[in-house]
Amino acid sequence: MPEIRVTPLGAGQDVGRSCILVSIAGKNVMLDCGMHMGFNDDRRFPDFSYITQNGRLTDFLDCVIISHFHLDHCGALPYFSEMVGYDGPIYMTHPTQAICPILLEDYRKIAVDKKGEANFFTSQMIKDCMKKVVAVHLHQTVQVHDELEIKAYYAGHVLGAAMFQIKVGSESVVYTGDYNMTPDRHLGAAWIDKCRPNLLITESTYATTIRDSKRCRERDFLKKVHETVERGGKVLIPVFALGRAQELCILLETFWERMNLKVPIYFSTGLTEKANHYYKLFIPWTNQKIRKTFVQRNMFEFKHIKAFDRAFADNPGPMVVFATPGMLHAGQSLQIFRKWAGNEKNMVIMPGYCVQGTVGHKILSGQRKLEMEGRQVLEVKMQVEYMSFSAHADAKGIMQLVGQAEPESVLLVHGEAKKMEFLKQKIEQELRVSCYMPANGETVTLPTSPSIPVGISLGLLKREMAQGLLPEAKKPRLLHGTLIMKDSNFRLVSSEQALKELGLAEHQLRFTCRVHLHDTRKEQETALRVYSHLKSVLKDHCVQHLPDGSVTVESVLLQAAAPSEDPGTKVLLVSWTYQDEELGSFLTSLLKKGLPQAPS
Amino acid sequence: YCLSGHPTLPCNVLKFKSTTIMLDCGLDMTSTLNFLPLPLVQSPRLSNLPGWSLKDGNAFLDKIYIIPSLSFRRANNLSTVDVILISNYALYDALPIHTRHTGFTAQCMPRNHQCQKAQSASLLLPSPLKDAVEVSTWRRCYTMQEVNSALSKIQLVGYSQKIELFGAVQVTPLSSGYALGSSNWIIQSHYEKVSYVSGSSLLTTHPQPMDQASLKNSDVLVLTGLTQIPTANPDGMVGEFCSNLALTVRNGGNVLVPCYPSGVIYDLLECLYQYIDSAGLSSVPLYFISPVANSSLEFSQIFAEWLCHNKQSKVYLPEPPFPHAELIQTNKLKHYPSIHGDFSNDFRQPCVVFTGHPSLRFGDVVHFMELWGKSSLNTVIFTEPDFSYLEALAPYQPLAMKCIYCPIDTRLNFIQVSKLLKEVQPLHVVCPEQYTQPPPAQSHRMDLMIDCQPPAMSYRRAEVLALPFKRRYEKIEIMPELADSLVPMEIKPGISLATVSAVLHTKDNKHLLQPPPRPAQPTSGKKRKRVSDDVPDCKVLKPLLSGSIPVEQFVQTLEKHGFSDIKVEDTAKGHIVLLQEAETLIQIEEDSTHIICDNDEMLRVRLRDLVLKFLQKF
């Protein structure tokens, strides 16, 4: 029995280091290749040795697909392809291909240059790795090889985020990556057609949350920022370089313009600035409003937002700073946070999800005394706010997507186990779709029952269709034909054609029954009586009286003859072929009962 | 069907598996040359010129459009077109007219008009708007509203995206390498494949290179939109263009380039970008005047995904893919929606002006011709091959300004075509008649025609061509449950047969075989109301039989089953087995068996089953 096997190497009942192995109809595909932000040891990368014990990854995997450029989805890629060794194709969208190496390089710098880690991938490895990448367009069907094809759908999570459909024959799997079902200020909503995959692998970061309207959240956010700067506080917004940063920039930019505020807004140099440029060049991936207006005014050219310099952090007076990275686990955002944490006038707004183990996660869970490196204890007096601006689908959105795609079953990844459990029940109850949530290293096996495609000869099909168009088409009709299997070529043809093709002669089996009738009249009249009798009984059939005195019912032939010995008995010869077996058999038994009295 | 007489502006209709597909609908604008230019200011000189008819919008429209439309209507109603596939930006000018006409018939017929177009319609969007702006003021050909309604029917598709049409056929656009977003189309069902190649280019300019691999194994390849100037080399022409431009500007003259607002202009600007610096002309302003100049330039920058590899990698840096961004930044290139407004303030001579329309009959170009035509310092350089430049210039004669004809047409030439055909190897090639013979002006140039094996099939305007392939098979799916129940028999080595009896389900042109329902329980008891209730359903098909019956074994079997008194007679063709007791006769021949018996159903059925044991069923 064919089956689909799914094994998460990462992101199984967890968020971070997304990496899912899928085997479908004998093809092996790896979905995402991420790192875990919460760990700094071996656990940060997926355990690739699981894939094959010995033997090369290239031989085992048909392709690798990266859904978007976040490090928890692509962070382990150079390690995987260059250090573990994989030479096959890696598929991702154009914006992902453009931005991914920059983030990887940034990540590498932090790990190697700042933390002094050895045995880490090098810049050259990132470059070599990116050479193996094949860029795909939205909705483009890419033939990985003869049988395996993949197709990207818009996912809306970040610039260039995509969902992928993996298809072999009539079996398919859809992997959503991270996605967002509600359009935001700069990106559109995820969309997929009713592709009815066998399995839908979806993220479930916000499996239990149903978020209030976006507008309210935005108003809240603006209000908090505004209040803080009004009373002279500083606002720190840790963001990832791409995605939320742009959305919040647009939001603040328009707000500042409307309120005519003069308080400076900064974003950390380098990445975010460059990122804005990417957004300008990949306008087709943004939402409709931006696409329509970009000729007049490119939304990503900000007037109020300036580049940040390290020295600004000590400036007196209010300011708003966007700094990377988003989970306060390293880099500039952490530096600024340390500087500002002691003042209760200040505020830090966490606009996204924080992985366990990061400073962001700790302060969000209420911890106010943080142990930093070197046994320092940092007391957090500043206000800590959490605003869900993460572009992940909430429970409603996930259900909506499952409804759109109509999969046979659903598999949850990229979420916390407890929350998954809740969503799993909900999906099974409300949508009546079986649902799985494997942990890392655990394999889910799904039997599939693919239909078998064969070629049908047009003649046969047309004949059947023509008959199917009759008014009583409601009644299921039987199609009868012969399947010719030659090598691996399957063709369905009519039986006649099959015999002809194979050079076999048809064997005709014919029956002729003698039915004795008592009738003193002449043969012709007997025939006529038989004719009218049959005509009255067999209303649905074609009963004909032929000029030579014989009667036909469909293709059954009846002939009356007068045996010489007894003039009072006529012998009716009923003759039919094996194909008319039922009818012939019926006719003989009918005639055996005799003819009704002739109307006199 | 072929609706257009112009090989570069094709409009063909393909009927394939009950779907009707229109391939491109270009508007042949050459007839505009018969009309007078539409100047900004009425000039008495022009209106007094003999030999040209005055503008008459409706008559003109009827002339160019109604002819193809009528010839099509005669054969078929336009509203039966299911889908229109557009391959590049120049080929959908007639779209609003088509949709309008189908709109009329839509009242009585279900409207099925869905348009699919190469992905960059948003890029191309400005050019129909441009047409509408110019056109609607000039001659109410189609209104803005009609353009918008036509555009709203457009569905954007990406390269290699497979689109199902009514489940019957699948269409796939492929990069054709000619212009941004231009495409070739593959129309295929499960067993047949038709490729439509229109306006393709093997040269590397800015768009993504042509996708040839996917064209392989086509049954039919429709070839249109080859280069209009097979003798000219585009690279040489670009060089000539630059040097002439430089020469004129150095002498203090102005250069006028009549062109379309997208397409080749990107390449020209890129060449100039490199050239003007080396030629020391960086102070000369470039002006690009078109209602859509700004959007055309802006849009070109954001479609990196559709560009060639070089340009793509620029975006990754990130830098704008086209150098004209830099030209604009450094104020060397300026763009204006029209000659009114800002342009008149900034205008500085000598300069280079890019503007439309290349026919010199309407658009801002008319004004510049009037303005600069009198001075021999100035030059007009024609780059678009669509119009004969002599005819275009005719109403402006006498003209003092220099005229240079540097047609740049990167579409396939005949040498490239033969190379392509060799590579792709379609079973049949279909192309317009013009391509199968040398051009009339150079009838000795045998190399200027399509040369392939088997010879290309040609079509003429308004001619219907039956494509030479027969559809024989269709895809059908067998449910796994049914497949499990099949019992294949090996008839010959490597060939197995299985009889299939199943219920055929057809939905959206997709066929599925399901296992037959279990026979209904025979009605219990003998409550027959009428004899006719019992009439068997003759639609239950019995399988065909094959094989032959070895007489001796047959007789042995009969004996085993309790028949005695068997007599076998040999006849010319076979044997007759006589069961004397039962007055039954069985004639056995090579390919037939005939059982003649009394009306004894039991006996007959027994005999039947015995005979069937020897035969194979299909």
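Thresholds, definitions, all that
Once a new chain begins, its residue numbering starts again from 1 and follows that chain's sequence as written. Starting at A for chains and at 1 for ligands, labels are handed out in the order in which the entities are written. Residue-level local features of this predicted model are given only where pLDDT is at least 70; pairs of side-chain atoms are given and counted only at 80 or more, and the full residue set underlies all totals for whole chains, interfaces and linings. Think of the side-chain values as coming from all heavy atoms in the structure, minus any hydrogens and water. Each helix corresponds to a stretch of at least 4 residues labelled H or I by DSSP, and each strand to a stretch of at least 2 residues labelled E; elements are numbered beginning at the N terminus. Throughout, exposure labels follow a simple rule: accessible area from a 1.4 Å probe, protein chains only, divided by the maximum for the residue type, with under 20% read as buried, over 50% as exposed, and the rest as partly exposed. It only takes one pair of heavy atoms within 4.5 Å for two residues to be counted as in contact. Computed with a 1.4 Å probe, the accessible areas rest on the Shrake-Rupley method; for each residue, only the protein chains presented here act as cover. For two strands to be treated as a pair, DSSP must find no fewer than two bridges joining them. For helices, the fitted line uses only the C-alpha atoms of the stretch in contact; every axis is such a line through C-alpha atoms, and the angle between N-to-C directions lies from 0 to 180 degrees. The directions considered for the arc are those from the helix axis to the C-beta atoms. Patch membership requires more than 30% relative accessible area and the absence of a salt bridge. Residues of like charge join within 9 Å; the nonpolar side chains Val, Leu, Ile, Met, Phe, Trp and Tyr join within 5 Å. Throughout this description, the term salt bridge denotes a Lys or Arg side-chain nitrogen within 4 Å of a carboxyl oxygen of Asp or Glu. The charge count includes Lys and Arg as positive and Asp and Glu as negative, but it does not include His or the ends of the chains. The location of each charge is read from NZ of Lys, CZ of Arg, CG of Asp or CD of Glu. Counted as a polar contact is a pair of N or O atoms within 3.5 Å, where, for protein atoms, one must be capable of donating a hydrogen and the other of accepting one, and residues adjacent in sequence contribute only when both atoms are in side chains. By convention a nonpolar core is built from buried Ala, Val, Leu, Ile, Met, Phe, Trp, Tyr and Cys residues, the set being connected through side-chain atoms within 4.5 Å. Should the near helix be turned anticlockwise from the far one by less than a right angle, the crossing is left-handed, and should it be turned clockwise, the crossing is right-handed. pLDDT is defined as a per-residue confidence score from the predictor, taking values between 0 and 100. In this description, a disulfide is simply a cysteine sulfur pair whose atoms lie within 2.5 Å. An angle counts as roughly parallel when it lies under 35 degrees, as roughly antiparallel when it exceeds 145, as roughly perpendicular when it falls between 65 and 115, and as oblique in every other case. Basically, the charged four are Asp, Glu, Lys and Arg, the nonpolar ten are Ala, Val, Leu, Ile, Met, Phe, Trp, Tyr, Cys and Pro, and anything else, Gly included, counts as polar.

Chemist: Give a detailed account of the overall build of chain B, specifying residues and quantitative values.
Modeler: Secondary structure summary: chain B contains 18 helices and 28 strands in total. Burial analysis of chain B (618 residues in total) assigns 55% to the buried set. Considering only intrachain contacts with a sequence separation of at least 6, the fraction spanning at least 24 residues in chain B is 69%. Total accessible area on chain B is roughly 27,200 Å²; 52% of this is exposed by carbon and sulfur atoms.

Chemist: Could you give me a rundown of the overall build of chain A, with the residues and numbers involved?
Modeler: Helix and strand counts for chain A come out as 17 helices and 30 strands. Across the 600 residues in chain A, those meeting the buried criterion constitute 58%. For chain A, the proportion of contacts with a sequence separation of at least 24, taken over those separated by at least 6, is 70%. Split by element, the accessible area of chain A, about 25,200 Å² in all, is 50% carbon and sulfur.

Chemist: If you had to explain the sheet that holds strand E19 (residues 383-386) of chain A to someone new, which residues and values would you point to?
Modeler: All names here are of chain A. Taken in spatial order, the six strands of this open sheet run E14-E13-E15-E12-E16-E19, and their pairing is parallel. Bordering the open sheet on either side are strand E14 (305-308) and E19, each of which pairs with just one other strand. Put simply, the sheet's adjacent strands are angled 25° from each other on average, direction ignored. Pairing between strand E13 (residues 265-268) and E14: four bridges, direction parallel. Looking at the pairing, Phe267 lines up with Ala307 of E14.

Chemist: A description of helix H13 (residues 365-372) of chain B should follow, citing residues and the corresponding values.
Modeler: All names here are of chain B. Turning to H13, its buried residues number three or more, namely Val365, Val366, Phe368, Met369 and Trp372. All buried residues of H13 fall inside an arc of 165° around its axis, so they share one side. Summarising the contacts, the buried residues of H13 are in contact with strand E11 (255-258), strand E12 (286-289), helix H12 (342-346), strand E14 (352-355), strand E15 (379-382) and helix H14 (389-393).

Chemist: Run through a negative patch on the surface, naming residues and quoting values.
Modeler: A contiguous patch of negative charge on the surface is contributed by Glu496 and Glu506 of chain A together with Glu590 and Asp591 of chain B. Relative to the helices and strands, Glu506 of chain A is located in the loop between helix H15 (495-501) and strand E26 (508-518). Taking the relative accessible area as the measure of exposure, Glu506 of chain A reaches 33% and is therefore partly exposed.

Chemist: I'd like a rundown of the environment of Lys369 of chain A, residues and numbers included.
Modeler: All names here are of chain A. Along the chain, Lys369 turns up in strand E17 (residues 369-371). Under the relative-accessibility criterion, Lys369 is labelled exposed at 52%. Considered as a pair, Lys369 and Arg291 are 78 residues apart in the sequence and their alpha carbons are 46 Å apart. Not counting residues within four places of it along the chain, the set of residues in contact with Lys369 comprises Val377, Leu378 and Glu379.

Chemist: Just give me the short version of the side chain of Asn28 of chain A, but keep the residues and values in it.
Modeler: Residues and elements named next belong to chain A. On the secondary structure map, Asn28 appears in strand E3 (residues 27-31). In terms of polar contacts, Asn28 uses its side chain to reach the side chain of Ser23, at 2.6 Å. A polar contact is formed between the side chain of Asn28 and the backbone oxygen of Phe60, at a distance of 3.1 Å. The contacts of Asn28, once residues within four sequence positions are left out, are Val22, Ser23, Phe60, Leu61, Asp62 and Cys63.

Chemist: Lay out the nonpolar core in plain terms, naming residues and giving numbers.
Modeler: Generally speaking, a soluble globular protein has its nonpolar side chains buried in company with each other. Core analysis: the largest hydrophobic core is formed by 165 residues, its most contacted members being Met30, Phe80, Ile201, Phe221, Phe337 and Ile363 of chain A. Once residues within four sequence positions are removed from consideration, Phe80 of chain A is found in contact with Met30, Cys33, Phe48, Ile51, Leu57, Leu61, Val64, Gly85 and Tyr86 of chain A. Counting 43 residues, the second-largest nonpolar core is a separate cluster that includes Val543 of chain A together with Phe554, Leu603 and Leu615 of chain B.

Chemist: So what's going on with the packing of helix H6 (residues 214-230) of chain A against helix H7 (residues 244-259) of chain A? Which residues, and what values?
Modeler: Residues and elements named next belong to chain A. For the pair H6 and H7, the least separation of the axes is 11 Å and the interaxial angle reads 65°. With respect to the hand of their crossing, H6 and H7 are arranged in right-handed fashion. Taking contact as the criterion, the partners of Lys214, Glu218, Phe221, Leu222, Val225 and His226 in H6 are, on H7, Glu247, Leu248, Leu251, Leu252, Phe255, Trp256 and Met259.

Chemist: Give me the confidence of the model for chain B: which residues, what numbers.
Modeler: Residues and elements named next belong to chain B. Averaged over chain B, the pLDDT score is 67; the fraction of residues at 70 or greater is 60%. Within chain B, E15 carries the highest mean pLDDT (88), whereas strand E4 (residues 114-118) carries the lowest (31). A low-confidence stretch, residues 1-7 (pLDDT under 50), is modelled with 36 contacts involving residues beyond four sequence positions or located in other chains. Predicted complex, confidence summary: ipTM 0.71, pTM 0.77.

Chemist: Describe the state of the cysteines, and please don't skip the residues or the numbers.
Modeler: Under the definition given, this model contains zero disulfides over all chains. Cysteine Cys403 of chain B is unpaired, with the sulfur of Cys406 of chain B as its nearest cysteine sulfur at 12 Å.

Chemist: Give a detailed account of the pattern of salt bridges, specifying residues and quantitative values.
Modeler: All names here are of chain A. Across all of its chains, the model carries 12 salt bridges over all chains by this definition. Linking Glu406 and Lys194 is a salt bridge whose minimum nitrogen-to-oxygen distance equals 3.4 Å. Note that Glu406 is positioned in the loop between helix H12 (395-405) and strand E20 (409-413) and Lys194 in the loop between strand E10 (171-175) and strand E11 (199-203), a separation of 212 residues in sequence. Owing to a relative accessible area of 32%, Glu406 belongs among the partly exposed residues under this scheme. Note that Glu428 and Lys424 form a salt bridge whose closest N and O atoms lie 3.9 Å from each other.

Chemist: I'd like a rundown of the packing of helix H17 (residues 581-592) of chain A against helix H18 (residues 601-613) of chain B, residues and numbers included.
Modeler: One can describe the packing of H17 of chain A onto H18 of chain B by two numbers: an axis separation of 11 Å at closest approach and a directional angle of 160°. In terms of orientation, H17 of chain A and H18 of chain B fall into the roughly antiparallel class. The handedness of the crossing between H17 of chain A and H18 of chain B comes out as right-handed. Of H18 of chain B, the residues touching H17 of chain A (which contributes Glu581, Ser585 and Thr588 of chain A) are Glu601, Arg604 and Arg608 of chain B. Residue composition of the contact of H17 of chain A with H18 of chain B, by class: no nonpolar, two polar and four charged.

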